Amino acid sequence: MHYLDHNATSALRPEAREAMLRAMDLGGNPSSIHASGRKARMLIEEARTDVARFTHADPQNIIFTSGGTESNALALWGAVQGAYEADARITRLFISAIEHDSIRANAAAMAERFAGLRLETFPVTKDGVIDLAALRQTMMEGKGRALIAVMAANNETGIIQPLDEIATIARAYDARLLVDAVQAAGKIPLSLDADYLTLSAHKLGGPQGVGALVLKAGAAFAPFTLGGGQERSLRAGTENVSGITGFAAAIRAASDLRSLQNLRDQFEAELNRIAPDTIFFGMQSPRLPNTSNFALPGINAETAIMALDLDGVMISSGAACSSGKVRSSHVLAAMGVSEDIARCALRLSLGWNSTEADIHAALKSLNKLHARHSRVAA
Ligand code: PLP
């Protein structure tokens, strides 16, 4: 089997698995004051220190969550409600056109829920990079404090966003900045000048269903889940001890994935040779070293995914979708890619355990598919 879908979920690192098994065997509720509880608490606090070190944050500003989606939702709702309670109301919410659904859907819901909160979406260039001039212009027009939500790197194209410039714009207009670092973390070194930063364990070799929201010291925040006072009352609920422990172990084991770039580039060069009509997305922009997003014109993504799957090669279309159905990508649409081409978009994403054999298997299968399609089309 050749698993090449690490942007959907990366392979679990053995270090994470071992740490989780140890934590599960330990048992105990971290809120209990007996020995088992204290041990579980210790594991969580050690993990908090690891996540804090990784994000250059203060451990007390790490909130463990159930993953990237919850972290993004919590950051958005918590920031806007927190600012309101601190008498520093946010009236403008800016997101880019290529954000993950967890940002898009929550931002849209908030614009409906909070009277006086306006949602604006700013564009990306045809190269998939946030249009800084458009963002500056949007910031300049209109009044009121803003929250800007952007991703550090896009999950479909792998395109890395100009976070330093965005942070400078945010500071110039006294805006708050939320960075969705779910795809970038563990793959490239991060620039972390954000008020709210979100992470997900399963994208960097940890388990699914656990992540973190990292607050900058002093960032306004109001909790969403109230109850038992866990996470300094910022996110109540008994902690996912084994998940959190596995998350931290994956972070400790993560070295950035820049070494994968050769493999990715080799794949793209060879695919271009086999199928010169391949369209590669985002090649003109800085990209995550592990991601290749491309279309074989005329070959529907669903057909291609199934054909490769039969050959034991697992890749995906750009956007993984919970229903298992492939939707056309809002990311490619925002880059001006036609619906016809977007429907053929595939994503191959490498991970810490990917090998040359995986790439060769993918190329062999794509070659077969492309040759068959060319014969039928001829
Ligand atoms: N943000 C980005 C950029 C993502 O790629 C994803 C997952 O694909 C998420 C957020 C959501 O993370 P999770 O799957 O942990 O909910």
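What you are looking at is a predicted structure, and each value in this text was computed from that prediction instead of being measured.

Enquirer: Describe the pairing of strand β10 (residues 291-295), with residues and values.
Expert: Burial of β10 is extensive: five of the five residues sit out of reach of the surface. Residues Thr291, Asn293 and Ala295 point to one face of β10 and Ser292 and Phe294 to the other, with burial holding for every one of them. Examined bridge by bridge, strand β9 (residues 279-280) and β10 share two bridges and lie antiparallel to one another. Bridging from a neighbouring strand, Ile279 pairs with Ala295 of β10.

Enquirer: An account of unusual backbone geometry is requested, with residue identities and associated values reported.
Expert: In this structure, Asp87 is a non-glycine residue whose phi angle is positive, near 60°. Along the polypeptide, Asp87 turns up in the loop between α3 (68-85) and β3 (90-96). Backbone geometry at Asp174 places phi at a positive 55°, although glycine is not the residue there. Within the secondary structure, Asp174 is located in the loop between α6 (163-172) and β6 (176-180).

Enquirer: Lay out the site of the ligand in plain terms, naming residues and giving numbers.
Expert: The environment of the ligand is made up of 14 residues, and the closest members are Gly68, Thr69, Asp180, Ser200 and Lys203. Asp180 has a polar side-chain atom sitting 2.7 Å from a nitrogen atom of the ligand. Taking Lys203, its side chain carries an N or O atom lying 2.6 Å from an oxygen atom of the ligand. Across the complex, the protein chains shield 86% of the 390 Å² of accessible surface that the ligand would expose by itself. By residue number, the principal contributor to the shell around the ligand is α3, which donates three residues. Here the residues of the shell around the ligand sort into two nonpolar, 10 polar and two charged.

Enquirer: So what's going on with the sheet that holds β9? Which residues, and what values?
Expert: The antiparallel open sheet is built from four strands, whose spatial order is β9-β10-β13-β12. Each end of this open sheet is capped by a strand with a single partner; those strands are β9 and β12 (316-317). Pairing of β10 with strand β13 (residues 345-349), which is carried by five bridges, proceeds in the antiparallel orientation. Bridge assignment links Ala295 to a residue of β13, and that residue is Ala345. Helix α8 (residues 261-274) rests against β9, β10 and β13 of the sheet, and its axis sits at about 15° to β10.

Enquirer: Can you tell me about helix α1 (residues 14-26), naming the residues and giving the values?
Expert: Between its first and last C-alpha, α1 extends 18 Å over 13 residues, near the 18 Å set by a 1.5 Å rise per residue. If you follow the buried residues of α1, they end up packed against α2 (35-55) and α7 (241-253). Positive phi shows up at Gly27, right after α1, with a value of about 65°.

Enquirer: Before we move on, could you go through the pattern of salt bridges and cite the residues and values that matter?
Expert: For the structure shown, the criterion picks out 21 salt bridges. For Glu120, the salt bridge is made with Arg118, and the minimal N-O distance between the two is 2.2 Å. A relative accessible area of 22% places Glu120 in the partly exposed class. Residue Arg118 is classed as partly exposed on the basis of its relative accessible area, which comes to 43%.

Enquirer: Quick one: what's the story with the side chain of Thr157, residue by residue and with numbers?
Expert: For Thr157, the location among the structural elements is in the loop between β5 (145-151) and α6. Of note is the side chain of Thr157, whose polar atom sits 3.2 Å from the backbone nitrogen of Ile159. If we ignore the near neighbours within four places in the chain, the residues touching Thr157 are Arg287, Thr291, Asn293, Val331, Leu332 and Met335.

Enquirer: Residues and numbers for the packing of aromatic side chains, please.
Expert: This structure, assessed with the given rule, holds five aromatic pairs. The interplanar angle of 75° and the centroid separation of 6.3 Å between the aromatic rings of Phe64 and Phe247 together place this pair among those described as edge-to-face. Of the two residues, Phe64 is situated in strand β2 (residues 62-65) and Phe247 in helix α7; the sequence distance between them amounts to 183 residues.

Enquirer: Any details on the sheet that holds β2? Residues and values, ideally.
Expert: Spatially, the seven strands line up as an open sheet ordered β2-β8-β7-β6-β5-β3-β4, and their pairing is mixed. Edge positions in the open sheet fall to β2 and β4 (118-122), since each of these has one partner strand only. Averaged over neighbouring strand pairs, the angle between their axes works out to 20° when direction is ignored. Helix α4 (residues 101-113) contacts β3, β4, β5 and β6 of the sheet and is inclined by roughly 155° relative to β3.

Enquirer: Give a detailed account of the environment of Leu93, specifying residues and quantitative values.
Expert: Here Leu93 lies in strand β3. The spatial distance from the C-alpha of Leu93 to the C-alpha of Lys368 is 47 Å, given a sequence separation of 275 residues. Excluding residues that lie within four positions of it along the chain, Leu93 makes contacts with Leu76, Ala107, Met110, Leu117, Arg118, Leu119, Glu120 and Leu147.

Scoring rules and cut-offs
Residues numbered from 1 in each chain as written. Predicted model: local features only at pLDDT ≥ 70, side-chain atom pairs only at ≥ 80, totals over all residues. Heavy atoms only, no water. Buried < 20%, exposed > 50% of the residue type's maximum accessible area, 1.4 Å probe, protein only. Helix = DSSP H or I, 4+ residues; strand = E, 2+ residues; numbered from the N terminus. Pairing = 2+ DSSP bridges. Near = heavy atom within 4 Å. Polar contact = N/O pair within 3.5 Å; in protein donor to acceptor, adjacent residues only side chain to side chain. Areas by Shrake-Rupley, 256 points an atom, 1.4 Å probe, with all protein chains shown as cover. Nonpolar A, V, L, I, M, F, W, Y, C, P; charged D, E, K, R; others polar. Contact = heavy atoms within 4.5 Å. Axes fitted to C-alpha atoms, helices over the stretch in contact; angles between N-to-C directions. Expected span 1.5 Å × (residues − 1). Salt bridge = Lys/Arg side-chain N within 4 Å of Asp/Glu carboxyl O. Phe/Tyr/Trp six-rings, centres within 6.5 Å; stacked < 30°, edge-to-face > 60°.

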